[in-house]
Amino acid sequence: MVTIRSFPPVAAPDARRLILGSMPGEASLSAGQYYAHPRNAFWRIMGDLLGAGPALPYPARLARLTAAGIALWDVVADCERRGSLDAAIVRESVQANNFRHFFAEHPGIEQIFFNGTAAENLFRRHVLPRLDGVPRELHRLPSTSPAHAARGYAEKLAAWSVIVAK
């Protein structure tokens, strides 16, 4: 089993919202980009909501997110996993990212949006108990992963529109 590492956060100092995934999949790790799998709906949704769609170069997409006050990161800093599925993460191997430091550097973050159930569960298990006095709104959104086919694109887009509501 191989240990994999997530990416650094994408965040401007004045970020107000944070989108958290669990751990990048194989396609993302290979490309060195968040949500790089061509069937992942994340960038298509960001395109419809913020003009940060997959037709733009990756740095331009990130710039659109940060200009909108949105930060992007993953809950897990490193773990052992075979393949790309969250279910394959070896639970005992999970090391969470340093959120205490991140929130100290980004005190304006008021809302946290989880890209799926796994990201929320990992945050609640590995991060939330170690944070004190950090009141933020927590919202679970449907996973944009192609493995989460229970909801169609229109339903995912409607749910994700909450990130631009405030």
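Just above sits the structure.
Residues numbered from 1 in each chain as written. Predicted model: local features only at pLDDT ≥ 70, side-chain atom pairs only at ≥ 80, totals over all residues. Heavy atoms only, no water.

K.L.:
Would you mind going over the nonpolar core with me for this structure?
P.N.:
Grouped burial of nonpolar side chains is what soluble globular proteins tend to show. Counting 45 residues, the largest nonpolar core has Leu18, Trp43, Met46 and Leu72 as the members making the most contacts within it. The greatest single-element share of this core, amounting to five residues, is contributed by helix α2 (residues 42–50). Contact partners of Leu18, with chain neighbours within four places excluded, come to Ala71, Leu72, Trp73, Phe99, Phe102, Phe103, Ile109, Gln111, Ile112 and Phe113. (Core = buried A, V, L, I, M, F, W, Y, C linked by side-chain atoms within 4.5 Å. Buried < 20%, exposed > 50% of the residue type's maximum accessible area, 1.4 Å probe, protein only. Helix = DSSP H or I, 4+ residues; strand = E, 2+ residues; numbered from the N terminus. Contact = heavy atoms within 4.5 Å.)

K.L.:
For this particular structure, what's the right way to read the packing of aromatic side chains?
P.N.:
Any pair of aromatic rings gets described here by the distance separating the centres and the angle formed by the planes. Evaluated as defined, the whole model comprises twelve aromatic pairs. When the centroid spacing of 6.1 Å and the interplanar angle of 85° are considered together, the rings of Trp43 and Tyr58 count as edge-to-face. Of this pair, Trp43 sits in helix α2 while Tyr58 is found in helix α3 (residues 58–67), placing the two residues 15 residues apart along the sequence. When the ring of Trp73 is compared with that of Phe102, the centres are 5.0 Å apart and the planes differ by 35°; the resulting orientation is tilted. (Phe/Tyr/Trp six-rings, centres within 6.5 Å; stacked < 30°, edge-to-face > 60°.)

K.L.:
I'm lost on the side chain of Ser143 in this one. Help?
P.N.:
Tracing the backbone shows Ser143 in the loop between β7 (137–141) and α6 (153–160). A residue is classified by how much of its surface remains accessible, and Ser143, at 17% relative accessible area, is buried. Within the structure, Ser143 has its side chain in polar contact with the backbone nitrogen of Ser145 (distance 3.1 Å). (Polar contact = N/O pair within 3.5 Å; in protein donor to acceptor, adjacent residues only side chain to side chain.)

K.L.:
Could you clarify how one ought to interpret α6 in this entry?
P.N.:
Every α-helix carries 3.6 residues per turn, so stepping three or four residues along brings you back to the same face. All of the buried residues in α6 are Tyr153, Lys156 and Trp160. Within α6, the buried residues cover an arc of 65° as seen down the axis, which keeps them to one side. Those residues of α6 that are exposed and angled more than 90 degrees off the buried face are Ala154 and Ala158. Against β2 (17–21), α2, β6 (111–115) and β7 lie the buried residues of α6. (Arc of directions from axis to C-beta.)

K.L.:
Explain the pattern of salt bridges here, please?
P.N.:
Oppositely charged side chains can pair when the atoms bearing their charge come close. Counted according to the given criterion, the structure contains four salt bridges. Between Glu120 and Arg124 there is a salt bridge, and its shortest N-O distance comes to 3.0 Å. Here Glu120 pairs with Arg124, and both are found in helix α5 (residues 117–126), just four residues apart, close to one helical turn. The buried category is assigned to Glu120, whose relative accessible area is 8%. In this structure Arg124 comes out as partly exposed when scored by relative accessible area, which is 39%. Measuring nitrogen to oxygen at the nearest pair gives 2.4 Å for the salt bridge that ties Arg140 to Glu120. (Salt bridge = Lys/Arg side-chain N within 4 Å of Asp/Glu carboxyl O.)

K.L.:
Sorry, what's going on with the packing of α2 against α3 here?
P.N.:
Axes are the key here: two packed helices are described by the angle between their axes and the distance separating the axes. Relative to each other, α2 and α3 sit at 55°, their axes nearing to 11 Å. Classified by the angle between their axes, α2 and α3 sit oblique to one another. Our pair here, α2 against α3, has a crossing hand that is left-handed. Touching Phe42, Trp43, Met46 and Leu50 of α2 are Tyr58, Arg61, Leu62, Arg64 and Leu65, all from α3. Tallied by class, residues from the contact of α2 with α3 come to seven nonpolar, no polar and two charged. (Axes fitted to C-alpha atoms, helices over the stretch in contact; angles between N-to-C directions. Parallel < 35°, antiparallel > 145°, perpendicular 65-115°, else oblique. Left-handed = near helix turned anticlockwise from the far one by under 90°. Nonpolar A, V, L, I, M, F, W, Y, C, P; charged D, E, K, R; others polar.)

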